[in-house]
Amino acid sequence: MILIILGSPGAGKGTQARNLSKYYNITHISTGDILREHMRNRTTIGVSINDLMDTGRLVPDELIIGLVESRIREDDCLGGFILDGFPRTLVQAEAFGTISSDMGFAINRVVSVEVNDAVIISRMTGRMICPDCGGMFNLAYYPPKIRGICDSCGAKLIQRDDDKAKTVKSRLKLYHELTGPIIEYYENKGLLLRVNGVGDINDVTRTIIDNLGEK
Ligand code: AMP
């Protein structure tokens, strides 16, 4: 099975991709993870994308298309895979179409995990993390017992720059501008499955599986 998962930042698409990869026993390919690994290992690619990644901008299409193409040629992708974070532009979607016909496979479905922007903003801007022990809290969903203080180690909680309202809003704007046309592209091909991403994580996974079919 070959799947693509789309969803705005904070919609929970990474979690859904992991659940679906386990259920269908297919390889989970997260382009964000691939790029972060390059940065950690300080490869030539990693060094060249440092600034783009830090400011939440997209890396060049040719670079990511090349990385995805070599990744899906690896043996663990023979039994199927789920792409998470790719394609993010129409150019990437079209290039992937060419790669798939060259390699002789077809995309089964494209799942769009949909969550209203207002919900995403409240989820992400409410997120507080502990700089000492890594504990995570959310002022709206699972607040710390004492406001601003980590339940586990007592350190002062902080908000990541990525989670500040202005950054979240600009990432959402970028997502809608770039990914809107991709959704339409796959809808026109009859491949799109829209799923409401609000609610319990496992219920959302179940809804996707009910629509995609059993293994
Ligand atoms: P993610 O973990 O999917 O949110 O990706 C983290 C960052 O990696 C993004 O903000 C982009 O800078 C970069 N990135 C990941 N996937 C792509 C892609 N398909 N095209 C361009 N940049 C990407």
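1. Remarks on the overall build of the protein
Part 1: Tallying secondary structure elements over the protein gives eight helices and seven strands in all.
Part 2: In terms of overall size, the protein behaves like a compact globule, its C-alpha atoms giving a radius of gyration of 18 Å where 215 residues would be expected to give roughly 17 Å.
Part 3: In the protein, which comprises 215 residues, the share counted as buried stands at 43%.
Part 4: As displayed, the protein has an accessible area near 11600 Å², and 50% of this comes from carbon and sulfur atoms.
Part 5: Computing the positive centroid from 26 side-chain charges and the negative centroid from 27, the protein places the two 6 Å apart.

2. A look at helix α8 (residues 201-212)
Part 1: Counted at 1.5 Å a residue, the expected span for α8 with its twelve residues is 16 Å, and the 17 Å between its end C-alpha atoms agrees.
Part 2: Among all positions of α8, only Val204, Thr205, Ile208, Ile209 and Leu212 are buried. Projected onto a plane normal to the axis of α8, the buried residues spread over an arc of 135° and lie on a single side.
Part 3: Tucked into the core, α8 has its buried residues touching β1 (2-7), α1 (13-24), β4 (109-114) and β7 (192-196).
Part 4: Two to three positions downstream of the cap, the backbone nitrogen of Asn202 sits 3.0 Å from a side-chain oxygen, assigning the N-cap of α8 to Asp200.

3. Observations regarding the sheet that holds strand β3 (residues 81-84)
Part 1: One open sheet holds the five strands; their spatial order is β2-β3-β1-β4-β7, and the pairing between them is parallel. Sheet topology places β2 (27-30) and β7 at the edges, where each strand pairs with a single neighbour. Within the sheet, the average angular offset between the axes of one strand and its neighbour, ignoring direction, is 20°.
Part 2: Pairing analysis gives five bridges linking β1 to β4, with the strands arranged parallel. Within β4, the position partnered with Gly7 by the bridge is Val113.

4. Side note on the packing of α1 against α8
Part 1: Two elements in contact, α1 and α8, have axes separated by 10 Å at closest approach and are oriented at 50°. The orientation of α1 relative to α8 falls into the category oblique. The two elements α1 and α8 meet at a crossing, and its hand is right-handed. Contact residues: α1 offers Thr15, Gln16, Asn19, Leu20, Tyr23 and Tyr24, while α8 offers Ile201, Asn202, Val204, Thr205, Ile208, Ile209 and Leu212.
Part 2: A class-by-class count of the residues in the contact of α1 with α8 yields eight nonpolar, five polar and no charged.

5. Notes on the packing of helix α6 (residues 117-125) against helix α7 (residues 165-188)
Part 1: Where α6 contacts α7, the two axes come as close as 10 Å, and the packing angle between them is 140°. When you trace α6 past α7, the crossing you get is right-handed. Taking contact as the criterion, the partners of Asp117, Ile120, Ile121, Met124 and Thr125 in α6 are, on α7, Ala165, Val168, Lys169, Arg171, Leu172 and His176.

6. Points about the site of the ligand
Part 1: Within the structure, the ligand sits among 13 residues, and Thr31, Arg57, Gly85, Arg88 and Gln92 are positioned closest to it.
Part 2: Contacts to the ligand include Thr31, whose side-chain N or O atom sits 2.8 Å from a nitrogen atom.
Part 3: In the environment of the ligand, a nitrogen atom lies 3.0 Å from a nitrogen or oxygen atom belonging to the side chain of Gln92.
Part 4: Here the ligand has 480 Å² of accessible area as a free molecule, and 88% of this is covered by the chains.
Part 5: At four residues, the largest contribution of residues to the shell around the ligand is made by helix α2 (residues 31-40).
Part 6: Across the shell around the ligand, the residue classes break down as six nonpolar, four polar and three charged.

7. Some details on the environment of Gly197
Part 1: For Gly197, the position within the fold is in the loop between β7 and α8.
Part 2: Distance from Gly197 to Val113, taken between C-alpha atoms, is 5.2 Å for residues 84 residues apart in sequence.
Part 3: When sequence neighbours within four positions are dropped, the list of residues in contact with Gly197 reads Ala11, Val113, Glu114, Val115, Arg123 and Val204.

Cut-offs applied
Residues numbered from 1 in each chain as written. Predicted model: local features only at pLDDT ≥ 70, side-chain atom pairs only at ≥ 80, totals over all residues. Heavy atoms only, no water. Helix = DSSP H or I, 4+ residues; strand = E, 2+ residues; numbered from the N terminus. Rg over C-alpha atoms; globule rule 2.2 N^0.38 Å. Buried < 20%, exposed > 50% of the residue type's maximum accessible area, 1.4 Å probe, protein only. Areas by Shrake-Rupley, 256 points an atom, 1.4 Å probe, with all protein chains shown as cover. Lys, Arg positive; Asp, Glu negative; His and termini not counted. Charge placed at Lys NZ, Arg CZ, Asp CG, Glu CD. Expected span 1.5 Å × (residues − 1). Arc of directions from axis to C-beta. Contact = heavy atoms within 4.5 Å. Polar contact = N/O pair within 3.5 Å; in protein donor to acceptor, adjacent residues only side chain to side chain. Pairing = 2+ DSSP bridges. Axes fitted to C-alpha atoms, helices over the stretch in contact; angles between N-to-C directions. Parallel < 35°, antiparallel > 145°, perpendicular 65-115°, else oblique. Left-handed = near helix turned anticlockwise from the far one by under 90°. Nonpolar A, V, L, I, M, F, W, Y, C, P; charged D, E, K, R; others polar. Near = heavy atom within 4 Å.

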